[in-house]
Each structure stands twice: as structure tokens, then as C-alpha cells.
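A structural walkthrough
Next come the chains, spelled out residue by residue.
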Protein chains: 2
Amino acid sequence: MSILVVGSVAFDDVTSPSGSVKNILGGAATYFSLAASYFTQVRVVAVVGKDFGPEQEEVFRKHNIDIRGLERAPGKTFRWGGTYAENLNEAKTNYTDLNVFETFQPRIPKEYGDTEFLFLANIQPTLQADVRRKMSAVRLTGCDTMNYWIKGTPRELAETLKLVDVLLINDTETKMLAHETNLPRAAQKVLAMGPQTLVVKHGEYGATIFCREGAFGMGQRPFRAPALPIEEVQDPTGAGDSFAGGFMGYVASQKELNRGVLKRALFYGSVMGSFAVERFGTERLQSLTREEIDARFQVFRELTHLE
Amino acid sequence: MSILVVGSVAFDDVTSPSGSVKNILGGAATYFSLAASYFTQVRVVAVVGKDFGPEQEEVFRKHNIDIRGLERAPGKTFRWGGTYAENLNEAKTNYTDLNVFETFQPRIPKEYGDTEFLFLANIQPTLQADVRRKMSAVRLTGCDTMNYWIKGTPRELAETLKLVDVLLINDTETKMLAHETNLPRAAQKVLAMGPQTLVVKHGEYGATIFCREGAFGMGQRPFRAPALPIEEVQDPTGAGDSFAGGFMGYVASQKELNRGVLKRALFYGSVMGSFAVERFGTERLQSLTREEIDARFQVFRELTHLE
């Protein structure tokens, strides 16, 4: 089944202990769609400027990603520059030039009307809600958000959360959203806000999925996927979006949505996140094969399974 | 097989968001031996003062723990007071009264001479090494340490590490010991210092075991056990020592030491850590049954296993 992602496409300048790159293709929608493209057909709604050319288009086309929803606006594409220090936990933002992204109003091409799976990457919550309301064929909506919206636009975010099925955020965001420092209690509070399912990303420690009782046959107990201990993390940018792409892409590729599918989706999310950080930008995500992905899935299984 | 633990026995005052307790039995050797006692016969070498009475002795005796190595010294038992804030990650130490522990010189009773498994809890590295050298029948030595010794007595610690088989420390300690911020690279450096096996404890995220290639048939790949997301953590004190007790106790209970045993040991360590934090002090560890332990082992399996 097709999955539509709505979010940012960007050019990034990234410095990490492994080196420095300039002007590389980035943005949540880019990482998401490349990761998801190994599992299912992907559609993109985003905005770019005049500096987005055939070279960048080719990256999407090569992965059979439908970019009819990629709006060309006068001006420059969103640009971000960040530096990761030795521990790689968090980027220091050097600059953020929103450019054409500042006035982004997602427009959904008519041809996307039959989309059944939707991922709302990290944009203003009201825009996320608008998109969801326009997509009447959607069966499952995934959603990301960040501290900026949790603190700045809590009411708008609360409205959006009522419309989403799966929320994918990290530990800090979960606790901030719930006003609760204990993770499982915070997770229960977030589930009460709307989503049936919450995926909490723990960075280098993997991710945990919490479901409302009865949702997707998951029962009350959480499930946890590991992350792979990686010897050289070149660039953590986009790891969360790649995780979401693997998770949602795998879900969209399956006929049914049940406990087994969600568990494997969590593993595939973790697998795609682990590939993303091995090289700068989207380099590693551009050149994967499904065989490599499934081989790493097996490594993740061996990493955690007793037999 | 019997396992001997050398470490501290203490009285603790603990405050956490769940409440406050005074004068409760604590100390690394106490948590370790209670946790290990569900798997194998435990022997203790430690020192206590005149304030350690029949009530405390009874806690050990009930679990068939051999305390012939528990030295009674003039003065008071080691006392520690700590407060955990809302996030429970780290205790603020209110006071540390070493008392009789300050001049602790481990004395090994003759009857302990046939001990095959040894755990050196967190004490001065030279004392750890001395104990190890005295125990000629020991087949496997586990060891803990802390920032204080890593920074303060690196040469002494390096000598100790050459004598141990399994080092059990946390992420921060691993990175500090290796002077390396990347965990898998840090793990390789620590393994090069002596231990065949390194168990890195991640607190609420579980633990990962790294082995030297070929050691115990583990191969080069790490293995990871989860921690259970717990809704009410009353008291994190002793979680790491309880983890070590579960891990080493299970290992000592097995005829062979191979890949499967180490993996299950990591799960049992995590299980015992999860029980320890549910109540203040050793309360939960005192009242467990092997059936409860194995039931939680199954919960941990379901939490991480795809099938």
C-alpha cells in the first residue's frame, strides 16, 4: 500500500567527529521516504526552492518515490546547519534558515486521494491535523512532533493527537508531553490523549512500543527493539525519521495490522535508524538493498533473542 | 556451586519520591548475596559493627547465605544516606560514614577455600586483587568498580582487571575507563585490559554483554537484555548489585559456561535488578520465590522476542 509523508525537505551542513559535509540533501520527509521506500510505494508532500534541482529529484526517483506532491516555490529550500560533539547525543544548531518552509501549506495532489497510510513528520500541529482531515481514505496515521510544539502549541498538538493512530517520539518528548517522569506512566497518559499506539525512541538503546489495551492485539505489555551498538556513528541526523520510515513502511507493506506486524515493524524501524547513522546524510539509505536490511534484521534478532 | 562475594554490608537512609526509610539493611554484598541466593549457595566476606545484630543476621540465614566470613569489628557498620529526585537516575549522597568499612581487610575463612565462583563488589582495587590471588580454586571472577577508583587509582585497577573474567559496570564507567565515548569501541578497549567478558549496565534500558572473540563461544557480537519498564520505582539503590547477583548466581548454578548460559544470565541479572527497585532496600529481594523470578524471566522474553 502507498504511504504518504508530509514534512520537510532540506539542505544540511553537518559537522561531527567523523568529518564535515556541506549542502547535502536532508529533511525529515527525505529520510522517511528513503527508509520507507525499501518496503512500499512512497508519496511525498513537501516544499522546495529553486535550488532543488534534477540531482536531488533523482535521489527520490531512483527509489520510485512519487514526488508529484513536491511543491516548487520561489526562494531557497529550507537549510539547517548543525554540529555534533564527541558524544553525538544532540546537535548544536549552527543556523536554521526556514526559507520556503516558513510558509509551507501542504497541498495534497488529487492523485494522492486514495492513500491509506499517512505519516505526519514534525511540522506545526495544525498543519498536521489539516492534512489528516483532508485524507479520507487513510486507515492509519503516524505522527512525529518535538519539544518546540509540545511547549509552544500544546492545545493545537492535543487536537492533532486525537487524529493519529501511532505517535513516534523520544523519551524526553514523551515525559514532557505527559508531565510525568516515569516512562510507563507517561506512556499511559500519552495514549489517553488519542493515539492507540506510542513508539518511544531511546536513541542508542532502541525503542519501546506501548499500546492501548486491545489495540492491534498487543495487550497491555510493551515490546522493545534494540538498537545496534555501532562502532562509528558518522552522523545521527535523520535517525528518528529513518526509524519512522522503516516502521511505517513495513506496516504499510503488510495486509493486516496485528501484534506480530507491529513487533517486526519496530525491529525494521531500528534497523533503518542504524543504517542511517553510519554515513553522513542519506548516503547509506540511498544505496541499501532489501537483502542487507533483512540481514541486519537477523543481527538484531540474534542480539536480543535467547535462542 | 558456591559463590563468594566480597564487599560492603551497610545501613542506609533512603529518600525517594515514593517515601523515606531509615536504618535499613543495605550494601553491595547484601544486595548481591540476596539476589544470588535464589540460584546457588552464597558465601560472604564483609565487615560489620556492633550495631549489626540477630535481626540482620536472620536476613542472610533465611536465604541460606554463609556468613562465616562476616567479620565483627568494634565500632559502627558502614552507613550511607541518599536522596533520589524525581527522575531517579542518580542519588544525591547526604552522608557516607565508612565506620568499620574504612579499614576493611578482607579475611577469607579457611572453609571458603574451595570456592569456584567469586564476585568482587565495589571496593578498593588492591583489596579486590588480594582476594582474587588468595582464592586458588576460583574458576570465574566477576568484578565491579566505580568512577572513584577509575579516576583515583587507575594503576591499581589495571592490575585487578588482569585477574578478572567478567567486569560488570555501567555506560559511564565503561567510557571513562576506556577514555572513549563510543560504547562498542570502549568495550573493546576494556576487554583488552584483561576481562574476557564485559557486562555494561544501561539502567532502565537493560544491559549489553561484550565478549572477547572466542570467549565462552560468544563470538564477536554483543547480546542485549532489556530492563522492564516499571511504573513505580521506589528505590534504585542496589539495582546494579542485584543485577550482578542474578547474573553471577545463575552462572554459578550451571555446569557449563557457554553462550546460552551467558545470555540467560544477562536476563536473570536484569530480572533481579527489576525486582530490587520495586521496594525500598532489600524488601523485595527478601521475599521472592524462584517461580516469581522465572515468571518475570518469561515477561522479559515476551518483551523482546519476536515469536
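Residues numbered from 1 in each chain as written. Chains lettered and ligands numbered in written order. Predicted model: local features only at pLDDT ≥ 70, side-chain atom pairs only at ≥ 80, totals over all residues. Heavy atoms only, no water.

1. Digging into helix 8 (residues 239-252) of chain A
Residue and element names in this part refer to chain A. Note the following rule: Helix and strand assignments follow DSSP, with helices taken as H or I runs no shorter than four residues and strands as E runs no shorter than two, numbered in order from the N terminus. Helix span, expected: 1.5 Å multiplied by one less than the number of residues in the helix. For each residue, the accessible area found with a 1.4 Å probe, counting protein chains only, is set against the maximum for its type, and the residue is called buried under 20%, exposed over 50%, and partly exposed in between.
Over its 14 residues, helix 8 extends 20 Å from the first C-alpha to the last, a length consistent with the 20 Å expected when each residue adds 1.5 Å. With 12 of its 14 residues buried, helix 8 lies for the most part within the structure. The complete set of buried residues in helix 8 reads Asp 241, Ser 242, Phe 243, Ala 244, Gly 245, Gly 246, Phe 247, Met 248, Gly 249, Tyr 250, Val 251 and Ala 252.

2. Some points on the pattern of salt bridges
Here is the rule: Here, a salt bridge means any Lys or Arg side-chain nitrogen found within 4 Å of an Asp or Glu carboxyl oxygen.
Evaluation of the coordinates by the stated rule reveals 33 salt bridges over all chains. Put simply, Glu 57 of chain B and Arg 61 of chain B hold a salt bridge, and the shortest N to O gap is 2.7 Å. With Glu 57 of chain B and Arg 61 of chain B both in helix 2 (residues 54-62), this residue pair falls 4 residues apart, about one helical turn. For Glu 57 of chain B, a relative accessible area of 16% translates into the label buried. Residue class for Arg 61 of chain B comes out partly exposed when judged on its relative accessible area of 48%. With a closest N to O distance of 3.8 Å, Lys 189 of chain B and Glu 180 of chain B form a salt bridge. Overall, Lys 189 of chain B belongs to the partly exposed group, its relative accessible area being 39%. Classification of Glu 180 of chain B by relative accessible area gives buried; the value is 13%. A single network of salt bridges, built from pairs that share partners, joins Glu 278, Arg 284, Glu 292 and Arg 296 of chain A.

3. Re the interface of chain A and chain B
The criterion, for reference: Residues are treated as being in contact if the distance between any of their heavy atoms lies within 4.5 Å. We define buried area as the total accessible area lost by two parts upon association, computed with a 1.4 Å probe and summed across both. Under this definition, polar contacts are N or O atom pairs within 3.5 Å; protein pairs additionally need one hydrogen-donor-capable and one acceptor-capable atom, and for neighbouring residues in sequence, both atoms have to be side-chain atoms.
With 35 residues of chain A at the interface, the matching set in chain B holds 35 residues. Together, the buried faces of chain A and chain B total about 3400 Å²; carbon and sulfur atoms form 52% of this surface. Together, Tyr 205, Arg 224 and Leu 306 of chain A form the three largest contributors to the area buried by chain A at its contact with chain B, with a combined 24%. At the boundary of chain A and chain B, one finds 4 salt bridges. Salt-bridge contacts for Glu 302 of chain A lead to Arg 221 of chain B; the nearest nitrogen and oxygen are separated by 3.1 Å. Between the two partners, chain A and chain B, sit 26 residue pairs in polar contact (both at pLDDT 80 or more).

4. Considering the packing of helix 9 (residues 259-276) of chain B against helix 11 (residues 290-304) of chain B
Residue and element names in this part refer to chain B. We count it as follows: To get an axis, fit a line to the C-alpha atoms, keeping to the stretch in contact for a helix; angles then go from 0 to 180 degrees between the N-to-C directions. Angles below 35 degrees are treated as roughly parallel, those above 145 as roughly antiparallel, those between 65 and 115 as roughly perpendicular, and all remaining angles as oblique. With the far helix as reference, a near helix turned anticlockwise by less than a right angle produces a left-handed crossing, and one turned clockwise produces a right-handed crossing. In this classification, Asp, Glu, Lys and Arg are treated as charged, Ala, Val, Leu, Ile, Met, Phe, Trp, Tyr, Cys and Pro as nonpolar, and every other residue, Gly included, as polar.
Put simply, helix 9 and helix 11 touch, their axes get as near as 9 Å, and they point 110° apart. On the basis of the axis angle, helix 9 is roughly perpendicular to helix 11. As helix 9 runs across helix 11, the sense of the crossing is right-handed. Of the residues in helix 11, those in contact with Arg 264, Phe 267, Tyr 268, Ser 270, Val 271, Met 272, Ser 274 and Phe 275 of helix 9 are Arg 290, Glu 292, Ile 293, Asp 294, Arg 296, Phe 297, Phe 300, Arg 301 and Thr 304. For the contact of helix 9 with helix 11, the per-class residue count stands at 8 nonpolar, 3 polar and 6 charged.

Interpretation in functional terms is not warranted from these geometric data alone.
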